[in-house]
Amino acid sequence: MDFKLTEEQLAVKEAARDFAQQSLLPGVIDRDSKMEYPTAQVKEMAQLGFLGMMVDPAYGGGGMDTISYVLAMEEISKIDNSCSVIMSVNNSLVCWGIEAFGTEDQKQKYLTKLSTGEWIGAFCLSEPEAGSDATSQRTTAIDMGDHYLLNGTKNWITNGGTSNVHIVIAQSDAEKKHRGINAFLVETSWEGVNIGAKEDKLGIRSSDTHTIMYNDVKVPKENRIGDDGFGFKFAMKVLSGGRIGIASQALGIAQGAFELATKYSLEREAFGKPIAKHQAISFKLADMATDIEAARLLVYKAARMKDEGEDFTTAASMAKLFASSAAMKHTVEAVQVHGGYGFVKEYHVERLMRDAKITQIYEGTSEIQKLVIARDILSTK
Ligand code: CAA
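Residues numbered from 1 in each chain as written. Predicted model: local features only at pLDDT ≥ 70, side-chain atom pairs only at ≥ 80, totals over all residues. Heavy atoms only, no water.

A. Structural detail: the packing of aromatic side chains. Applying the stated rule across the entire model yields 12 aromatic pairs. A centroid spacing of 5.2 Å and a plane angle of 55 degrees characterise the contact between Tyr341 and Tyr347, whose relative ring orientation is tilted. On the basis of relative accessibility, which here comes to 26%, the residue Tyr347 falls in the partly exposed class. Within the aromatic cluster, the residues linked to one another by ring pairs are Trp96, Phe101, Phe230, Phe234 and Phe312. In this arrangement the basic side chain of Lys113 is found over the ring face of Trp119, its NZ or CZ atom lying 4.9 Å from the centre. Over the ring of Tyr148 we find Lys221, and its NZ or CZ is 5.5 Å from the ring centre. (Phe/Tyr/Trp six-rings, centres within 6.5 Å; stacked < 30°, edge-to-face > 60°. Buried < 20%, exposed > 50% of the residue type's maximum accessible area, 1.4 Å probe, protein only. Lys NZ or Arg CZ within 6 Å of the ring centre and 35° of its normal.)

Written as structure tokens, this is what we have:
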């Protein structure tokens, strides 16, 4: 597999790096401390085309490949993971879900707004009692003839309080188990959509995570995505794409921490020389660089497979499993390299360490990724 980047892909990477340095870095510590939603930064991401990168230009998107998307995600995630999760959910879960599986009317009505960032989307699968075990949906969407009646509670919803439209996964026929589940486009302005309090989180603190309550929400029939009973498969397919986004976020976190640790270790002196010249530190940098390179290859491979129309489910899980573990391990090491300075906000690595943790949890925990990978290995024997 050839991973030589094209000039266009390199230009996207550079544009994302410039944006992150100029518009995200100033104020990132403050926004994180105050849990302040990055309103101006999200608006700029929309203007620069980062919110609908892979969408067909016919629907207002950038028409780019998944490699370009992961390059941009990596650069933005080196600096601000609240912004990169907003970007990841909008691009890979919401826009891609509608573009790949929605009707032409749904694309005209919703995708055109979401791909330009005029609207922001959220993906509502997790429930208080259905996280990893996603088939156990308690939210119901009952067929009332001309519409569905939606009732239930979703939690851990990224973009929960700031989105205009949700993709909601709900059970329409419990007897059919996962084959009775449907996916719906639900506008947040509709009667019965209630947004709960914003979560106070360990990391990605300025992103907007909420519990959502749906109370007798009338959902028009034409807002169901795919055939009756397609909702669970839809969620699984969309999450595989989402996992490439989160893997690239984890890659960016690890790369950002590595760059900070390298810079600091060349500047900071101890025992008469820069600490980078001590083997204890240089070996940490060598381990970081090696794991980051391996993570990058897995992320690019999954992205390339998606672009080439191959089944990328297992590749996406491997990329997310490995990159998130590398991000967690090496952000801890980057804090260690910084010593006491690593423990204070000003040096950025403690934030990256806090942000890394969620990449092992959301869009499928590391344990779920292992389950997906193991099932694939065993089914081919
Ligand atoms: N593509 C297509 N279909 C798939 C699929 C895939 N990747 N994975 C499973 N399916 C299908 C199966 O073929 C099966 O269909 P049939 O019975 O009709 O053949 C059906 O789905 C059920 O599959 P399983 O029997 O494998 O289901 P399971 O109960 O054993 O669980 C699971 C599967 C992989 C564990 C799944 O539940 C899962 O991925 N759980 C994690 C959920 C998750 O990632 N949640 C994250 C929340 S979203 C989020 O974090 C968003 C945010 O805001 C950041």
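B. Quick peek at the site of the ligand. Among the 25 residues in the neighbourhood of the ligand, the closest are listed as Ser132, His178, Arg179, Arg243 and Arg375. In the model, a nitrogen atom of the ligand is placed 2.8 Å from a nitrogen or oxygen of the Ser132 main chain. The separation between an oxygen atom of the ligand and a polar main-chain atom of Glu363 is 2.9 Å. Protein contact buries 76% of the 1100 Å² of open area that the ligand shows by itself. For the shell around the ligand, the elements supplying multiple residues, two or more each, are α5 (81–101), β3 (147–158), α7 (231–267) and α11 (366–379). The dominant element in the shell around the ligand, judged by the number of residues it contributes, is α7, at 6 residues. (Near = heavy atom within 4 Å. Polar contact = N/O pair within 3.5 Å; in protein donor to acceptor, adjacent residues only side chain to side chain. Areas by Shrake-Rupley, 256 points an atom, 1.4 Å probe, with all protein chains shown as cover. Helix = DSSP H or I, 4+ residues; strand = E, 2+ residues; numbered from the N terminus.)

C. Main features of the pattern of salt bridges. Here the structure, examined in full by the defined rule, presents 19 salt bridges. Its salt-bridge partner being Asp32, residue Arg354 comes within 2.8 Å of it at the nearest N-O pair. Within this pair, whereas Arg354 is found in helix α10 (residues 349–359), its partner Asp32 is found in helix α2 (residues 28–34), the two being separated by 322 residues in sequence. With a relative accessible area of 13%, Arg354 lands in the buried category. Classification of Asp32 by relative accessible area gives buried; the value is 4%. Between Arg205 and Asp200 there is a salt bridge, and its shortest N-O distance comes to 2.7 Å. (Salt bridge = Lys/Arg side-chain N within 4 Å of Asp/Glu carboxyl O.)

D. Main features of the packing of α7 against helix α8 (residues 279–307). Closest axis-to-axis distance for the α7/α8 pair is 9 Å, and the angle between their directions is 155 degrees. The pairing of α7 with α8 is recorded here as roughly antiparallel in orientation. In this structure, α7 crosses over α8, and the sense of that crossing is left-handed. Along its contact with α7, which presents Ile244, Ala247, Ser248, Leu251, Ala254, Gln255, Phe258, Ala261, Thr262 and Ser265, the element α8 presents Ile281, Leu285, Met288, Ala289, Ile292, Ala295, Arg296, Val299, Ala302, Ala303 and Lys306. (Axes fitted to C-alpha atoms, helices over the stretch in contact; angles between N-to-C directions. Parallel < 35°, antiparallel > 145°, perpendicular 65-115°, else oblique. Left-handed = near helix turned anticlockwise from the far one by under 90°. Contact = heavy atoms within 4.5 Å.)

E. The arrangement of a nonpolar patch on the surface in detail. Residues Tyr341, Phe343 and Val344 make up a contiguous nonpolar surface patch of roughly 340 Å² in combined accessible area. In this structure, Tyr341 sits in the loop between α9 (313–338) and α10. We classify Tyr341 as partly exposed; its relative accessible area is 38%. (Patch = residues over 30% accessible without salt bridge, like charges linked within 9 Å, V, L, I, M, F, W, Y side chains within 5 Å.)

F. Structural view of the pairing of strand β4 (residues 165–171). For β4, the tally of buried residues reaches 7 of 7 residues, placing the bulk of the element in the interior. Both faces of β4 are covered, namely the face carrying Val165, Ile167, Ile169 and Gln171 and the face carrying His166, Val168 and Ala170. Two strands pair when backbone bridges link them, and strand β1 (residues 121–124) and β4 are joined in this way by 4 bridges, in the parallel orientation. Pairing of Gly121 across the sheet is with Val165, part of β4. The pairing of β4 with strand β5 (residues 181–187) spans 7 bridges and is antiparallel. Within β5, the residue paired with Ile169 across the bridge is Ala183. (Pairing = 2+ DSSP bridges.)

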